[in-house]
Amino acid sequence: MVNVISVLLLYGLVVISAGTDSNSDGRKEYENLKQLRPLGVEFSEYFQNVSLENFGFSDSKIAGEDDVICLAQLAALMNGLSSSQKWALKMIDSWGSIPSGLYTGNTIDLGNFDECLSISQVIGKQKISGKYCFLITSGLRIATCFPASCSSTQMEPFVKQLLEKILNFNTSSLNMKISDETCQTSEIESWDALTIITIVILSVMNVLVILASIFDYFLWGDQKNIPVVVKAFSARANSRTLFRIVPNKSNPNVIECLHGIRCMSLIWVIFSHEYIFTLTAPNINTAEIWSWAVRPFASFILHGYFSVDSFFVLGGLLVSMIALRSMEKSGGKLNPFLMYLHRLIRIWPVVAMAILIYMRMMPVISGGPMFKSGYHGKEYCEKGWFWTLLFIQNYACLDHTWYLAVDMQLFIISPILLIALYKWGKKAAAGIAVLVVLLSGCLFVTQMVNNYSLLIKNGGEDDGIPNQRLYLATHNHAAPWLIGFLFGYFLHLNRGKKFQLSRPVVWLGWILSLAMLFTSIFALYPAAQWSAPPLPVLEESLYYTLTRVAWPLAICWVIFVCMQGYGGLANSFLSSPLWQPFSRLSYSMYIWHMFVQEVNSRNVRTNTYFSNYFVMERFWSDLGYTALMSYLLYLLIEAPLSGFESCLRPQRSSAVANQSNLISHKEVEETKDPEDCKETETNPMTVSDPPK
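Residues numbered from 1 in each chain as written. Predicted model: local features only at pLDDT ≥ 70, side-chain atom pairs only at ≥ 80, totals over all residues. Heavy atoms only, no water.

### Regarding the overall build of the chain
Check the secondary structure of the chain and you find 27 helices and five strands. Expressed as a percentage of its 692 residues, the buried residues of the chain come to 57%. Residue pairs at least 24 apart in sequence account for 79% of intrachain contacts in the chain once pairs closer than 6 positions are excluded. Accessible surface for the chain amounts to roughly 29,800 Å². Of this, 63% is attributable to carbon and sulfur atoms. (Helix = DSSP H or I, 4+ residues; strand = E, 2+ residues; numbered from the N terminus. Buried < 20%, exposed > 50% of the residue type's maximum accessible area, 1.4 Å probe, protein only. Contact = heavy atoms within 4.5 Å. Areas by Shrake-Rupley, 256 points an atom, 1.4 Å probe, with all protein chains shown as cover.)

### A closer look at the environment of Ile-226
Counting through the fold element by element, Ile-226 comes out in the loop between helix H8 (193–219) and helix H9 (228–233). According to the relative accessible area criterion, Ile-226 is buried, its value standing at 8%. Considered as a pair, Ile-226 and Phe-215 are 11 residues apart in the sequence and their alpha carbons are 9.7 Å apart.

### Comments concerning empty space enclosed by the protein
Counted by the stated rule, this structure contains nine cavities of 30 Å³ or more. If you add up the space inside the largest cavity, you get close to 180 Å³. Lining the largest cavity we find 16 residues, and of these Ala-293, Leu-302, Leu-455, Ile-456 and Ala-528 sit closest to its centre. When grouped by side-chain class, the residues that make up the lining of the largest cavity number 11 nonpolar, three polar and two charged. (1 Å grid on protein atoms, 1.4 Å probe; cavity = no way out; pocket = protein on both sides within 12 Å on 5 of 7 lines; lining within 4 Å. Points joined across faces, edges and corners; volume = space filled by probe spheres on them. Nonpolar A, V, L, I, M, F, W, Y, C, P; charged D, E, K, R; others polar.)

### So, the pairing of strand S3 (residues 126–137)
In terms of burial, S3 is largely enclosed, as nine of its 12 residues are buried. As defined by bridge partners, strand S2 (residues 120–123) adjoins S3 across four bridges and the pair is classed as antiparallel. Within S3, the residue paired with Ile-123 across the bridge is Gln-126. The sheet contact formed by S3 and strand S4 (residues 140–147) spans eight bridges and is antiparallel. Along S4, the bridge assignment pairs Ile-136 with Arg-141. The turn joining S3 and S4, which pair antiparallel and follow one another in sequence, is formed by two residues; a positive phi near 50 degrees is taken by Ser-138. Strand direction decides the pairing type here: S3 and strand S5 (residues 176–185), joined by six bridges, are antiparallel. By the bridge assignment, Thr-137 is partnered in S5 with Met-176. (Pairing = 2+ DSSP bridges.)

### Remarks on the confidence of the model for the chain
Chain-level statistics for the chain give a pLDDT mean of 81 and a share of 80% at 70 or above. Confidence scores differ between elements of the chain, with helix H1 (residues 2–19) showing the lowest mean pLDDT of 42 and helix H21 (residues 503–522) the highest of 95. The low-confidence segment residues 2–23 (pLDDT under 50) makes 44 contacts with residues lying over four places distant or belonging to another chain. Throughout residues 57–62 the model reports pLDDT below 50, and contacts reaching past four residues in sequence, or to other chains, amount to seven contacts. (pLDDT = per-residue confidence, 0-100.)

### Describing the nonpolar core
Grouped together as the largest cluster of nonpolar side chains are 145 residues, with contacts concentrated most on Leu-317, Ile-357, Tyr-358, Leu-418, Ile-559 and Ile-591. Considering each element in turn, this core owes the most residues, 14 residues, to helix H14 (residues 306–329). The residues touching Ile-591, leaving out its near neighbours within four places in the chain, are Val-350, Val-351, Ala-354, Tyr-358, His-400, Thr-401 and Leu-404. Met-78, Trp-87, Cys-116 and Leu-163 belong to the second largest nonpolar core, which has 39 residues in total. (Core = buried A, V, L, I, M, F, W, Y, C linked by side-chain atoms within 4.5 Å.)

### Regarding the pattern of salt bridges
Applying the stated criterion across every chain yields a total of 10 salt bridges. The residue Arg-360 makes a salt bridge to Asp-192 at a minimum N-O spacing of 2.8 Å. With Arg-360 in helix H15 (residues 336–365) and Asp-192 in the loop between S5 and H8, the pair connects residues that are 168 residues apart, well separated along the chain. You can call Asp-192 partly exposed: its relative accessible area is 29%. A salt bridge links Asp-407 to Arg-343, with the shortest nitrogen-to-oxygen separation between them at 2.3 Å. (Salt bridge = Lys/Arg side-chain N within 4 Å of Asp/Glu carboxyl O.)

### Remarks on the state of the cysteines
Here the structure, examined in full by the defined rule, presents four disulfides. The disulfide partner of Cys-116 is Cys-145, and the S-S distance across this bridge is 2.1 Å. Every disulfide takes its handedness from the sign of the S-S torsion; for Cys-116 and Cys-145 that torsion is 90 degrees, giving right-handed. Taken together, the residues Cys-116 in helix H6 (residues 113–117) and Cys-145 in strand S4 connect sequence positions 29 residues apart. Across the pair, Cys-145 and Cys-116 agree in class, each one buried. (Disulfide = S-S within 2.5 Å.)

### Focus on the environment of Leu-102
Mapped onto the fold, Leu-102 is located in the loop between helix H5 (86–93) and strand S1 (108–109). Measuring from C-alpha to C-alpha, the distance between Leu-102 and Ala-287 comes to 9.3 Å, with 185 residues separating the pair along the chain.

### Describing unusual backbone geometry
Most peptide bonds are trans, and most residues other than glycine sit at a negative phi. Of note, the phi angle at Ser-84 is positive, near 55 degrees, even though the residue is not glycine. Within the element layout of this structure, Ser-84 appears in the loop between helix H4 (65–82) and H5. You can call Ser-84 exposed: its relative accessible area is 51%. Backbone geometry places Asn-451, a non-glycine residue, at a positive phi of 55 degrees.

### So, the side chain of Ser-129
For Ser-129, the position within the fold is in strand S3. What makes Ser-129 buried here is its relative accessible area of 14%. Excluding its chain neighbours within four sequence positions, the residues that come into contact with Ser-129 are Met-91, Ile-119, Phe-146, Pro-147 and Ala-148.

### As for the packing of helix H18 (residues 426–450) against helix H23 (residues 537–564)
H23 packs onto H18 with a crossing angle of 155 degrees between their chain directions and a minimal axis gap of 9 Å. Comparing their axes, H23 and H18 come out roughly antiparallel. Between H18 and H23 lies a crossing whose hand is right-handed. Together, Ser-440, Leu-443, Phe-444, Gln-447 and Met-448 of H18 and Val-537, Leu-538, Glu-540, Ser-541, Leu-542, Tyr-544, Thr-545, Arg-548 and Val-549 of H23 make up the contact between the two elements. Residue classes in the contact of H18 with H23 are distributed as eight nonpolar, four polar and two charged. (Axes fitted to C-alpha atoms, helices over the stretch in contact; angles between N-to-C directions. Parallel < 35°, antiparallel > 145°, perpendicular 65-115°, else oblique. Left-handed = near helix turned anticlockwise from the far one by under 90°.)

### Here we look at the packing of aromatic side chains
Aromatic ring pairs are described here by two measures, namely the spacing of the ring centres and the angle between the planes. Inspection of every chain in the model, using the stated rule, returns 40 aromatic pairs. Aromatic side chains Tyr-132 and Phe-134 sit 5.5 Å apart centroid to centroid with 80 degrees between the ring planes, which places their arrangement in the edge-to-face category. Ring geometry for Phe-271 versus Phe-297: centroids 6.3 Å apart, planes at 70 degrees, classification edge-to-face. You can see Phe-271 sitting in helix H11 (residues 257–279) and its partner Phe-297 sitting in the loop between helix H12 (288–292) and helix H13 (298–302), a full 26 residues away along the chain. (Phe/Tyr/Trp six-rings, centres within 6.5 Å; stacked < 30°, edge-to-face > 60°.)

### Focus on helix H10 (residues 235–242)
Burial of H10 is extensive: six of the eight residues sit out of reach of the surface. Where H10 is concerned, the buried positions are Ala-235, Ala-237, Asn-238, Ser-239, Thr-241 and Leu-242. The residue sitting at the N-terminus of H10 and contributing the capping side-chain oxygen is Ser-234; that oxygen lies 3.3 Å from the backbone nitrogen of Arg-236. (Polar contact = N/O pair within 3.5 Å; in protein donor to acceptor, adjacent residues only side chain to side chain.)

### What to know about H23
In a regular helix each residue adds 1.5 Å, so 28 residues correspond to 40 Å; H23 covers 41 Å between its end C-alpha atoms and thus fits that length. At Thr-547, H23 is deflected by roughly 30 degrees, the largest bend along its length. Among the 28 residues that make up H23, 20 are buried, leaving the element largely enclosed by the rest of the structure. Where H23 ends, the next residue or the one after it, Gly-565, has phi of about 90 degrees, a positive value. (Expected span 1.5 Å × (residues − 1). Bend = angle between axes of the 7 residues up to and from the residue.)

Structure, rendered in structure tokens:
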């Protein structure tokens, strides 16, 4: 996350620096640009009589058919302008102009996208429609509108001649083009087979849910004996279990504060991603990023990757604590195949549908000047979607699903660690602790030897390599996961035990844990200032390595004191039963939140204004839409498949099936009634089991 934001920030800063050049050439260029009226008006007045010579052809016989058609429609446009026809005026009116506020970083003028695409005029035997494209020059993006029959390469000579005449200099030295990749028309592309398949799958699931819900609500009176298939698809039954509030202390095996930690971490992830999309929006004050990036509040966003480490801690904790409890009941038996099978059944369908919906449904439901081709990772997804489903590619086609790959890889090795802990106990735990130290040393050496930096001002030419080697690599996230794993072993050994801690010890623990948390977030704040001297690679390597250990330890302390009754207000907040529905829905929200954010951010028709307040406003809006979309897709995909999966689980041995997932399947049975599939006891794998 951190390097993604860094790249986006640096991109914006480079553009700003180009637009705010204080030398004489920059001032001269600015004065020239300032003399321009809206480009559409300039174009219409300059090219009153277009000809093939404007295309570079001196003889109509060598011109192509497309050139002749384009020329004819341009001539019709000029005639329409001379007679003040509405359709022609709309085509010129929809053009953008030189953006105002160049010195505040405003480099985009979107014109009027819908006005351009709404043009449809029949003249003689030809139909003239509008084509919306961006003119890109000197770091600026300006909307243009031409007849749809004209290509970007055909229109470039016109625009170059226009700029040469108005600005009075040779445009050969100017890097200017009309980007064909940004061109859009009102013509709707026909759905391909994959889009149709996606819609059919969603429609079939929707019909099944509706039918099951009608049967459940109107035709079946005994809710306790409702058929399993109906219960799996019934929106009524699944909604009831989703929104059920379980009183605290109703189950001694429950760690109530995990709900709050999971939800707060998810909110942090979504909030940080909101900034990523806002920073790429057509902001009129992009230069504000200069000052925003070095303010204290920005540290919460730039270091938002610690929220992911919290998930790794929870994942490791639940794998060890719950699986060891199950092994103890079964005499040390562990079935890795069933562990993997149940986990894949839980995760695979949702991820597979997410790939389809991101790739195919985004263009169907939305559009706009910034929305050409739909999802930004569509091309990569089309080539490498299967790597995401195999969980062996950390650089997934859905950006945020890299976590699932890392978590799955750590989950795959967990049976080895579980068997070692069960057989050799504390000796194995000591070995895992040594492994944490070795992995931390590996991270430190990698950053030192390669001189990697994660600071924004030092990351302009790294090509994303530090992000791949320091952030996305599995072994660099193994330390938080293993610390959570060891903490789960500790809780397993001391389950039911009450630790008597004195007040000074409790206060000291809280002070140290809060110090580690806030140091992790703000330690680089002084070095991040633009005027600060470069931070030695040794110091930055120590920071990145030690915080990978300090943050998980602080989270473990918070969990421990909340369990032991020393959490105070923190425990009251994190253990509130109101977190439970949000926690059950968290996996779906994690999967779908970037869909909502990308649709809303790229669907804009006008420029936006960057500020913390604006981002917060958009965040709450996107969070609400994400919750709604996640709830609907939970009813259509996740809940039905979870119902069938629970029926495949043996009564005892499958208790290891639903462990440590990101923010999701810690409470798999919590979303089902204990009577499901005739089970006689609730699954101990859950984070918060329902009362019997």
